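# Residue-level structural notes
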Amino acid sequence: MAVRNPLPNSTTRRRRLCRLGAAAAAAVGLVLSSTAANLTLEHVERSTIEPYGERIRISGGSVNVHRSAGPGETIVLLSGLGTPSPALDFAPLIRVLDDYNVVVVEGFGYGYADQAPDDARTVENITDELHELLGGLGIGDPYVLAGHSLAGYYMLSYANQYPEEVSAVIGIDPTLPSDDHGQGPEQAAESSPGFNWGRLLSITGLVRWTIAIAPGLAEPDGSAFTSDELERMRLMASWNWDTPAVVDETARIGQNGRAVRGMSYPDELPVLTFLASGNGMSPDRLGRYEEWLRNVRDHKIVVLDGGHYLHWTHSAEMAEQITAFLNAH
């Protein structure tokens, strides 16, 4: 029986290279098609959906501010790290604080603010930008500073630098300079933002298609949000995924933690702190907060049975505590 000679090695290699080239071309074509579709959809969404708030120019670019315009004292709300749409994220809490003039600040990289500011996301620059913004809003002072998670760094810096402008501080599971939920300044090594792979995932549409398949990934817990708010939060999660400002801020967590390490709030400044039982709460962690606030003559810590985003699920209870605390001062 005759034996068929195998194909020469050079021919086999050429066929394999052809197959690899065809696969690579198909992948590139898929990525380009996905990118084009995603950018087209985002353009249509941004042009047809009315933005909330007001874009305000400050040094370094434009930020976005949403105001409830209530009749009472001003509460300035600051979001945690990476929140795609802070004004929507705080919506349940804003609704139940209708007696107050609630001002949500969407800084660089957040909401409808510019995504890439001129200055690095250091605690010093963020504090200066917030001061410039609030000074230009005409809301008067003193006002209440309220912030979630990593905003604890910026509230602490602000209250020490401009104590006469702050009447009280409200922390929503705020980050401690010496704690940072296990990633404190002594543990968090500095890192360079490098290439922004997260932003590439957003531009090419992968974030959009993932959220379309699993919308719960971009939706908050609880039932306090309207269907319109949920839809917009899903869209803005795609638009604002890993903006340049957020990536830079993330890389500077250790640096910013060291900048406020050793700081405490002024003795006479009232401080109300909400802590989440579901976010690593323990007697030791509670004790660290108590020790940190020991010099503050009028402080209160309230532990709520929930996750890190307490304002998603406990807004009514938080509003009651906030109202009682502020009325007492």
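In this text, all values refer to a predicted model and were calculated from it rather than measured experimentally.

Burial analysis of strand 4 (residues 101-106) places six of its six residues in the buried class, which makes it a mostly covered element. Both faces of strand 4 are covered, namely the face carrying Asn101, Val103 and Val105 and the face carrying Val102, Val104 and Glu106. The pairing of strand 2 (residues 61-67) with strand 4 spans four bridges and is classified as antiparallel. In the sheet register, Val65 faces strand 4, and the bridge partner there is Val105. Where strand 3 (residues 74-78) lies against strand 4, five bridges are found, and the strand directions are parallel. Bridge pairing links Leu77 to Val104 in strand 4.

If you check helix 8 (residues 227-239), its first and last C-alpha atoms are 19 Å apart, about what 13 residues at 1.5 Å a residue would give, namely 18 Å. Of all the positions in helix 8, only Glu229, Arg232, Met233, Arg234, Leu235, Met236, Ala237, Ser238 and Trp239 are classed as buried.

To continue, consider the pattern of salt bridges. When the charged atoms of two side chains lie near each other, side chains of opposite charge can form a pair. Applying the stated rule across the entire model yields 13 salt bridges. Note that Arg55 is salt-bridged to Asp114, the shortest N-O span being 2.8 Å. One end of the pair, Arg55, is in strand 1 (residues 54-58); the other, Asp114, is in the loop between strand 4 and helix 4 (123-137), and 59 residues separate them in sequence. A salt bridge links Arg297 to Glu268, with the shortest nitrogen-to-oxygen separation between them at 2.2 Å. Pair noted here: Arg297 is in the loop between helix 11 (283-292) and strand 8 (299-304) and Glu268 is in the loop between helix 10 (253-260) and strand 7 (271-276), with a separation of 29 residues, a long-range link. The same class applies to Arg297 as to Glu268, namely exposed. Sharing partners across several salt bridges, the network here consists of Glu219, Glu231 and Arg234.

Let us look at the sheet that holds strand 7. Across the sheet, eight strands lie side by side as 1-2-4-3-5-6-7-8; this open sheet has mixed pairing. The sheet is open, and its two borders are formed by strand 1 and strand 8, each paired with just one other strand. Averaged over all neighbouring strand pairs, the angle between strand axes comes to 20°, with direction disregarded. Both strand 5 (residues 143-148) and strand 6 (residues 166-172) contribute to a ladder of six bridges, which runs parallel. By the bridge assignment for strand 6, Gly147 is matched with Gly171. This element, helix 4, spans strand 1, strand 2, strand 3, strand 4 and strand 5 of the sheet and lies at about 115° to strand 1. Sheet contacts for helix 13 (residues 315-327): strand 3, strand 5, strand 6, strand 7 and strand 8; angle to strand 7, the most-contacted strand, approximately 160°.

Attention now goes to the packing of helix 5 (residues 151-161) against helix 10. For the pair helix 5 and helix 10, the least separation of the axes is 10 Å and the interaxial angle reads 35°. For the pair helix 5 and helix 10, the crossing hand works out as left-handed. Between helix 5, through Tyr153, Tyr154, Leu156 and Ser157, and helix 10, the contact on the second element is made entirely by Ile253, Asn256, Gly257 and Val260.

It is worth spelling out the nonpolar core at this point. Formed by 43 residues in total, the largest nonpolar core has its most connected members in Leu134 and Tyr265. In terms of residue count, the dominant contributor to this core is helix 5 (seven residues). Those residues in contact with Leu134, other than ones at most four positions away along the chain, are Val76, Val105, Ile139, Tyr143 and Tyr158. Of all hydrophobic cores here, the second largest spans 35 residues; its members include Ile75, Val102, Trp239 and Leu310.

This part covers the confidence of the model for the chain. On average, residues of the chain score 88 in pLDDT, and 87% of them reach the 70 mark or higher. Segment residues 180-190 is flagged for pLDDT under 50; beyond a separation of four residues in sequence, or across chains, it makes 29 contacts in the model.

Residues Phe195, Trp197 and Leu200 make up a contiguous nonpolar surface patch of roughly 360 Å² in combined accessible area. By the secondary structure assignment, Leu200 is in helix 6 (residues 197-203). The class of Leu200 is partly exposed, set by a relative accessible area of 32%.

What follows is about the environment of Leu286. Position of Leu286 relative to the elements: it lies in helix 11. The exposure class of Leu286 is partly exposed, given its relative accessible area of 28%. Look past the residues within four positions of Leu286 in its chain and what remains in contact with it is Leu275, Met281, Ile301 and Val303.

Rules used throughout
- Position labels on residues start from 1 in each chain and follow its written sequence.
- Owing to the predicted nature of the model, reporting of local features is limited to residues with pLDDT of at least 70; listing and counting of side-chain atom pairs is limited to 80 or more, with chain, interface and lining totals taken over all residues.
- Side-chain numbers here rest on the full set of heavy atoms in the structure, without hydrogens or water.
- Relative accessible area decides the class of each residue, using a 1.4 Å probe on protein chains only: under 20% of the type maximum gives buried, over 50% gives exposed, and in between gives partly exposed.
- Helix and strand definitions follow DSSP, with helices as H or I runs of at least four residues and strands as E runs of at least two, each counted in order from the N terminus.
- Any two strands with at least two DSSP-identified bridges between them are counted as paired.
- How far a helix is expected to stretch is found by multiplying one less than its residue total by 1.5 Å.
- The term salt bridge refers to a side-chain nitrogen of Lys or Arg lying within 4 Å of a carboxyl oxygen of Asp or Glu.
- All axes are obtained by fitting lines to C-alpha atoms, using only the stretch in contact for helices, and the reported angles, taken between N-to-C directions, cover 0 to 180 degrees.
- Residues count as neighbours in contact if any of their non-hydrogen atoms are within 4.5 Å of one another.
- Left-handed is the label given to a crossing in which the near helix is rotated counterclockwise from the far helix by less than a right angle, and right-handed is the label when the rotation is clockwise.
- For our purposes a nonpolar core is just a set of buried Ala, Val, Leu, Ile, Met, Phe, Trp, Tyr and Cys residues, chained together by side-chain atoms within 4.5 Å.
- Confidence scores here are pLDDT values: one per residue, from the predictor, ranging 0 to 100.
- Like-charged residues are merged into a patch within 9 Å and nonpolar side chains (Val, Leu, Ile, Met, Phe, Trp, Tyr) within 5 Å, provided each residue has over 30% relative accessible area and no salt bridge.
- Using the Shrake-Rupley algorithm and a 1.4 Å probe, accessible areas are obtained, with residue cover drawn only from the displayed protein chains.

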